[in-house]
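Residues per chain are reported as follows:
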Amino acid sequence: MSALTLTLLSAIICCSLTEKPSNVSSPNIIILLMDDMGWGDLGVFGQPSKETPNLDAMAAEGMLLPNFYTANPLCSPSRAALLTGRLPVRNGFYTTNGHARNAYTPQEIVGGISKDEILLPQMLKKKGYVSKIVGKWHLGHRPHHLPLENGFDEWFGAPNCHFGPYNSSIRPNIPVYNNSEMLGRYYEDFKIDRKTGESNLTQIYLLEGLEFIQRQTVARRPFFLYWAADATHAPVYASKRFLGKSQRGRYGDAVMELDYSIGQIMSWLKTLGIDDNTFVFFTSDNGAALISAPKEGGSNGPFLCGKETTFEGGMREPAIAWWPGHIKKGTVSFQLSNVMDLFTTSLALAGISPPDDRTLDGLDLTPVLLKQSTTLQNRPIFYYRGNELMAVRLGQYKAHYWTWSNSWEEFKKGINFCPGQEVPDVTTHDQKEHTLQPIIFHLGRDPGEKYPISVLTKEYQNVLSGISPVVEQHKKTLVPGIPQLNMCDVAVMNWAPAGCEKLGKCLKVPKSEPLKCDWPH
């Protein structure tokens, strides 16, 4: 963001606000959700290049949560979990086309977020919140699945990943929306140079976020900003100013620009005088995509494997909570927590009771965040891959009931989710069931899941006797949602999104050919 732009925006604020916005009972809420960014990509978590000064400062001014997890090792299900507070197996963001298969929302997908689900922005309306999503949606791209049909008041971004460019006679390029109508398409109107990696998208997303914050501040309305930038998802991109700046290559350039943008957002909150009335949470949707590393993928630090897997590298996420005057500076909480907690915690901060007609998987973290409660809630972390519960963490222990990295067929094609990290009998290429004798690790002593605890030890037996009833109870009470990610059809791709007529961007819709989606992983 240029100094001139900041000066102009500041001038607007100075003319609009005659006094500092008063503290209201409902704080503003900002969730900064990165895409495929790993636990080990932040300086504060030990990344040796130390290229995230703004996120490191955010941690120094707030709370670091080293035991924070996503709900699924893939983008769409984890985002559905965040916004519903429910496991993907409950909210329908999974497939039954194959056992333990990761599924998401490519252009061909027929399904999307179910109308039976209640999303966070819908709940926040009860207290007058205005909600905006900036960036990637990924919960379905058909009209009834889009953000403005599911609680958001505003949207600037895209419904799918920024894959491409495509030959539009075979496959349309992904549209970029402003609210309910497309503004153009990736690669055509919103450029991403696949050769150089240059794109101004992160800067556009930054300006959209800053302008929204400014507007709501002037109007004195509580707001929810869901800032879901996707520059660290392959193909990674950065603007010209950041390209070539990182020691880590193009992926690092993208991280540096995101870090800079987050720094601008935090500074803007302080400039507007609303930092002490704004709760900000930073995390990522899943682990770094080691399949794209090192040029276009990140780091999961000491953890095993990455995106697509239920090993620690696929599901443990960088996480920072920030709220000056409310969250004590420089604190660390080892509470086991996950992305679904953001739903319940946001409602608690807003003073809204959570829905009581459904099972919620998110906990209210306000005792940990605001009171620095040292008494940790003894809650499990469930590691799902598609329709299968692969592993469970309780305390420092993690028990694997199934292991699988990816199939031999995919592995032999060069698709490797655990490069340089093969652990015998753990990172298996066949789906291996261990239900009768789970593989158990102590994640404190062994965060990389390399040294299984011997089944002959008393420690193993004690851990198993504690985890088994938790798993049994979970399975006994689980009512799976109707799977939304089973069917695909070329006719539902982004051929003619709303607004395409005005732009002359409508493409011919092919004949409908519904079929079961193929999910190889």
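If you're wondering where the values come from, they're calculated on a predicted model, not measured in any experiment.

Points about the pattern of salt bridges
Enumeration according to the criterion identifies 24 salt bridges in this entry. The salt bridge involving Glu181 is made with Lys502; its shortest N-O contact spans 2.8 Å. Within this pair, whereas Glu181 is found in strand β7 (residues 181–185), its partner Lys502 is found in helix α13 (residues 500–503), the two being separated by 321 residues in sequence. Of the residues examined, Lys502 reaches a relative accessible area of 66% and is grouped as exposed. Where salt bridges share partners, they join Lys132, Glu154, Glu208, Glu211 and Arg215 into one cluster.

A word on the UniProt feature "modified residue: 3-oxoalanine (Cys)" (unreviewed entry) in the chain
UniProt annotation of "modified residue: 3-oxoalanine (Cys)" (unreviewed entry) refers to Cys75 when read in the numbering used here. Looking at where Cys75 falls in the secondary structure, it is placed in helix α3 (residues 75–84). Accessibility expressed as a relative area gives 2% for Cys75, which makes it buried.

Focus: the state of the cysteines
Summed over all chains, the structure comprises 3 disulfides. Across a sulfur-sulfur distance of 2.0 Å, Cys500 and Cys506 are joined as a disulfide pair. Here the S-S torsion is close to 90°, and the disulfide linking Cys500 with Cys506 is therefore right-handed. Sequence-ordered numbering of the bonded cysteines in the chain yields a pairing of 1-2, 3-6, 4-5. Free cysteine: Cys75, not disulfide-bonded; nearest cysteine sulfur from Cys161 at 4.8 Å.

Considering the pairing of strand β8 (residues 223–228)
Burial runs high along β8: 6 of the 6 residues are buried. Alternating positions in β8 separate into two faces, Phe223, Leu225 and Trp227 on one and Phe224, Tyr226 and Ala228 on the other, with burial throughout. Of the strand pairs in this sheet, strand β1 (residues 28–34) and β8 are connected by 4 bridges, and their pairing is parallel. Bridging from a neighbouring strand, Ile31 pairs with Tyr226 of β8. In this structure, strand β4 (residues 130–136) lies alongside β8, joined through 6 bridges in parallel fashion. Bridge pairing in β8 places Gly135 opposite Ala228.

Rules behind the numbers
- Residues numbered from 1 in each chain as written.
- Predicted model: local features only at pLDDT ≥ 70, side-chain atom pairs only at ≥ 80, totals over all residues.
- Heavy atoms only, no water.
- Salt bridge = Lys/Arg side-chain N within 4 Å of Asp/Glu carboxyl O.
- Helix = DSSP H or I, 4+ residues; strand = E, 2+ residues; numbered from the N terminus.
- Buried < 20%, exposed > 50% of the residue type's maximum accessible area, 1.4 Å probe, protein only.
- UniProt positions renumbered as here; feature names shortened; annotations may be inferred.
- Disulfide = S-S within 2.5 Å.
- Pairing = 2+ DSSP bridges.

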